[in-house]
Amino acid sequence: MASLDSVARTVLRRRYLRRDETGEVVETPDELFHRVAADLASAEAAFGGDVDATEARFHEVMAERLFLPNSPTLMNAGTDLQQLAACFVLPVEDSIESIFEALSQTACIHQSGGGTGFSFSKLRPEGDVVGKTGGVASGPVSFMQIFDSATEQIKQGGRRRGANMGVLHVSHPDVETFVSAKGEADVLRNFNLSVATDAAFWDAIDAGEPYDLVNPRTDEIVRQVDPEALLELVAEMAWETGDPGVLFLDTIEAANPTPQLGHIEATNPCGEVPLLPYEACVLGSVNLAAHVDGETVDWDRLRETVHLGVRVLDDAIERSTFPVPEIAERVAETRKVGVGVMGFHDLLVDLRVPYGSPAAVEVAEAVMRFVHDEAWAASRQLAEERGPFPAWESSVHETPVRNATTTTVAPTGTISLLAGCSAGIEPIYNVAYTKHVLGGLEIRNDRFVDMVEARGLDAEVLLEDLHDRTTIQDVESIPDDVKRLFQTAHDLPPRQHLAVQAAFQRHTDNAVSKTVNLPASASVADVESVFRTARELDLKGVTVFRSGASTGQVLGEAPRR
Ligand code: CDP
């Protein structure tokens, strides 16, 4: 097994390694990878596969940190809690029964380590009539607070914070309340918010026409608003708090691989997986930083890892149990998996390509196109061995494939720490910093250390000075070419964040987790312009974070989706 750094060891010990009833850790990191590999590979038996050989290959790809499945798989595979998916979407209908059913399902999913997304768009607006009681309705935002409190009480499997995505359609009469909900401190702490827009909304903006807000219970137009002013309110709140993000539902629906099964109205908590109601998705990420040969991408190795990754995730679906029968049924029909990438910035450093350059967008495009093509080749091969996913015939896929989707770019908030690489496709935040989780983790960029040492600089002294700094561009002692390779999220212009996100999205079935960072000095109009550009680039969603905004965002410092 490749050696683990101290951050990875700490994270594994605190969150992932099995413990006995007294709380003592009872497995080593290598035993963890063996446990997961053995459990997943046991799925091969039903298809006449070679269980032992597959187990060895799964173990190797994880132990070498070439590919890691999402946290619930690492935590739960081969344990009593055999729930392996990170992402869920639950339906919420306009009735007390449905709301509280979703609430109890949410509790079960959080307990098993999954995150939940919901569209609250079907709930009648605040002040509407409640027939049964003759009372007045409290509206979606008020019900979301119940989900929030429940989440607060149930930490995920006792090991991580529960996370939710709350979506509301922009035509809902409570849209302004929803959009402004996180303006107050400590409200909806366990939610990310996304306002769902569609073509009708953007067309109204382009045409300079009023936009209808509609009561979902009666389909009646309640009032008309200036869509431009509404977009400005969204931008204002995102400027202030980072929430809400914007979803482009029409773009999402256009990529729905199984439209006959229903429409997509919501995503998982960090936005990278749009799902049908009751769907779940198992994710896993390829560590790009471990697929470099000298100063080029090791394409052969990457191909092998992607093929193995799809197999790992398809076996994970086979092995996973789900806390709600409807979810088990839906997952069995579509078998969505999400192979993604992490360590993209590290890869760029190894290729000597600055994140802020046009060449970085070309690398993004080339790498993700390759991952996507190979993931589909792997899914086609699995379909030959095991049959296509049951809803395949009525899906948009022309050739038989095993999975309705194969690719997703996840945030990899924790698994990138285990792999020791930069998170997802994000640029780095700092070259050395304290991550305020698990009692504080000291993170330093090894590539930076190696490079400055090779230039004869004292890395220790330098890192002390650079600790927690969000840019190194003003440090005179660092050579310019090094500075260019270690541009941080804060150094990069929003258009570059968007260009990289768009390049990945062009070759990703699901969505791409990415935060567009803005300087503290950015204006509300700048935020609005990011939203418009995101739409022009055919993104499925967009999240901004302005330096110094009062973060109410779930999952960490600034970046999340
Ligand atoms: O790195 P890891 O596998 O732990 O997760 P991630 O890539 O940062 O997040 C992937 C997805 O896991 C998120 O979009 C959520 O759906 C879910 N998640 C969650 O439910 N709770 C958390 N505390 C972190 C992630």
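Anything mentioned here points back to the structure above.
The following paragraphs examine the structure supplied in this document. (Residues numbered from 1 in each chain as written. Predicted model: local features only at pLDDT ≥ 70, side-chain atom pairs only at ≥ 80, totals over all residues. Heavy atoms only, no water.)

Along strand β6 (residues 164–169), six of the six residues are buried, which leaves the element largely enclosed by surrounding structure. As judged from the four bridges shared by strand β3 (residues 115–119) and β6, these two strands associate in the parallel manner. Note on β6: the bridge partner recorded for glycine 117 is methionine 165. The pairing of β6 with strand β7 (residues 191–197) spans six bridges and is parallel. Across the sheet, the residue bridging to valine 167 is serine 194, located in β7. Of the crossover connections in this fold, the one passing from β6 over helix α7 (residues 175–180) to the parallel β7 is right-handed. (Buried < 20%, exposed > 50% of the residue type's maximum accessible area, 1.4 Å probe, protein only. Helix = DSSP H or I, 4+ residues; strand = E, 2+ residues; numbered from the N terminus. Pairing = 2+ DSSP bridges. Right-handed = clockwise from strand over helix to strand, strands pointing away.)

This next bit is on the environment of valine 500. Along the chain, valine 500 falls in helix α19 (residues 494–505). According to the relative accessible area criterion, valine 500 is buried, its value standing at 0%. In this structure the C-alpha to C-alpha distance between valine 500 and tyrosine 355, which are 145 residues apart in sequence, comes to 8.9 Å. Discounting residues that sit within four places of it in the chain, valine 500 has contacts with Phe344, Tyr355, Val361 and Ile425. (Contact = heavy atoms within 4.5 Å.)

What follows deals with the site of the ligand. Surrounding the ligand, one finds 21 residues, the nearest of these being Ser71, Asn268, Glu272, Thr412 and Gly413. Contact between the ligand and alanine 86: an oxygen atom at 3.2 Å from a main-chain N or O atom of the residue. In isolation the ligand has 520 Å² of accessible area, and contact with the protein removes 95% of it. Its residues assigned to classes, the shell around the ligand comprises nine nonpolar, nine polar and three charged. Looking at which domains feed residues into the shell around the ligand, each of domain 1 (6–84 + 282–416) and domain 2 (87–267) supplies at least three. (Near = heavy atom within 4 Å. Polar contact = N/O pair within 3.5 Å; in protein donor to acceptor, adjacent residues only side chain to side chain. Areas by Shrake-Rupley, 256 points an atom, 1.4 Å probe, with all protein chains shown as cover. Nonpolar A, V, L, I, M, F, W, Y, C, P; charged D, E, K, R; others polar. Domains from an automatic or database assignment.)

Under the defined criterion, the tally for this structure stands at 13 aromatic pairs. Ring geometry for phenylalanine 88 versus phenylalanine 322: centroids 6.2 Å apart, planes at 70 degrees, classification edge-to-face. Taken together, the positions of phenylalanine 88 in strand β2 (residues 87–90) and phenylalanine 322 in the loop between α11 (299–319) and α12 (325–334) put the pair 234 residues apart, joining distant regions of the chain. Pair check on accessibility: phenylalanine 88 and phenylalanine 322 agree, each one buried. (Phe/Tyr/Trp six-rings, centres within 6.5 Å; stacked < 30°, edge-to-face > 60°.)

All chains considered together, the criterion is met by 33 salt bridges. Its salt-bridge partner being arginine 303, residue glutamate 374 comes within 3.5 Å of it at the nearest N-O pair. Highlighted residues: glutamate 374 in helix α14 (residues 358–386) and arginine 303 in helix α11, separated in sequence by 71 residues. Among the charged side chains, a network of salt bridges with common partners joins Glu44, Arg311, Asp314, Asp315, Glu318, Arg335, Glu385, Arg386 and Arg402. (Salt bridge = Lys/Arg side-chain N within 4 Å of Asp/Glu carboxyl O.)

Further remarks concern the nonpolar core. Counting residues in each nonpolar core, the largest one holds 134 residues, and the members touching the most others are Leu74, Phe120, Ile327, Phe344, Phe504, Phe531 and Val542. In this view, phenylalanine 531 contacts Trp202, Leu231, Val234, Ala235, Ala238, Val246, Phe248, Val542 and Val544; residues no more than four positions away in its chain are not counted. Ile428, Phe448, Leu462 and Ile472 belong to the second-largest nonpolar core, a separate cluster that totals 18 residues. (Core = buried A, V, L, I, M, F, W, Y, C linked by side-chain atoms within 4.5 Å.)

Just geometry here; none of it tells us what the structure is for.
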